[in-house]
Amino acid sequence: MKRTMLVLVAPPYAVCLYGCAGCCAAPVGVSWLAGMVSIVWGIAGGPANLPDPSWNTILLGCGLWAIASVWTAIAVRDSNNEQCAENSLFCNRITPNQADESAPVDQAHKAP
């Protein structure tokens, strides 16, 4: 439920947490922000500076927001791909060191 709500409300954050962020976080974020700006601008009158809301501009913003949400849903669904996990450098979670690795400080103390 939380994942679905994030995909619908905040797609860039959802793709950063659950998806293949290195592949699509930037375009999802740009289309989502453009959709938000378009909705707000449409409510304010749009490019024609109408006294009433510009419904064409508002619908454009809703369309951009929907594109960002669908793109995020696809990225979250396909995030179990191993190739995606290897190539993702953006918003990666820090993984703990493996048991056979020693700490760099311990190696410095052992040096002659």
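Please refer to the structure placed before this passage.
Residues numbered from 1 in each chain as written. Predicted model: local features only at pLDDT ≥ 70, side-chain atom pairs only at ≥ 80, totals over all residues. Heavy atoms only, no water.

Caption draft 1: Representation of the overall build of the protein in the model. Counting secondary structure elements, the protein contains six helices and zero strands. Listing every helix and strand of the protein by position from the N terminus yields α-α-α-α-α-α. Here the protein holds 112 residues, and the buried ones make up 30% of them. Of the roughly 8,000 Å² of accessible surface on the protein, a fraction of 65% belongs to carbon and sulfur atoms. (Helix = DSSP H or I, 4+ residues; strand = E, 2+ residues; numbered from the N terminus. Buried < 20%, exposed > 50% of the residue type's maximum accessible area, 1.4 Å probe, protein only. Areas by Shrake-Rupley, 256 points an atom, 1.4 Å probe, with all protein chains shown as cover.)

Caption draft 2: Representation of the packing of aromatic side chains within the structure. Evaluated as defined, the whole model comprises one aromatic pair. On the numbers, 5.9 Å between centres and 85 degrees between planes, the contact of tryptophan 32 with tryptophan 65 is edge-to-face. Linking tryptophan 32 in helix α3 (residues 21–43) with tryptophan 65 in helix α4 (residues 55–77), this pair joins segments that are 33 residues apart in sequence. On the basis of relative accessibility, which here comes to 16%, the residue tryptophan 32 falls in the buried class. What makes tryptophan 65 partly exposed here is its relative accessible area of 24%. (Phe/Tyr/Trp six-rings, centres within 6.5 Å; stacked < 30°, edge-to-face > 60°.)

Caption draft 3: Summary view of the side chain of serine 38. Here serine 38 lies in helix α3. According to the relative accessible area criterion, serine 38 is buried, its value standing at 7%. Not counting residues up to four positions away in its chain, the partners in contact with serine 38 are Thr57, Ile58, Leu60 and Gly61. (Contact = heavy atoms within 4.5 Å.)

The analysis is restricted to geometry; functional conclusions fall outside its scope.
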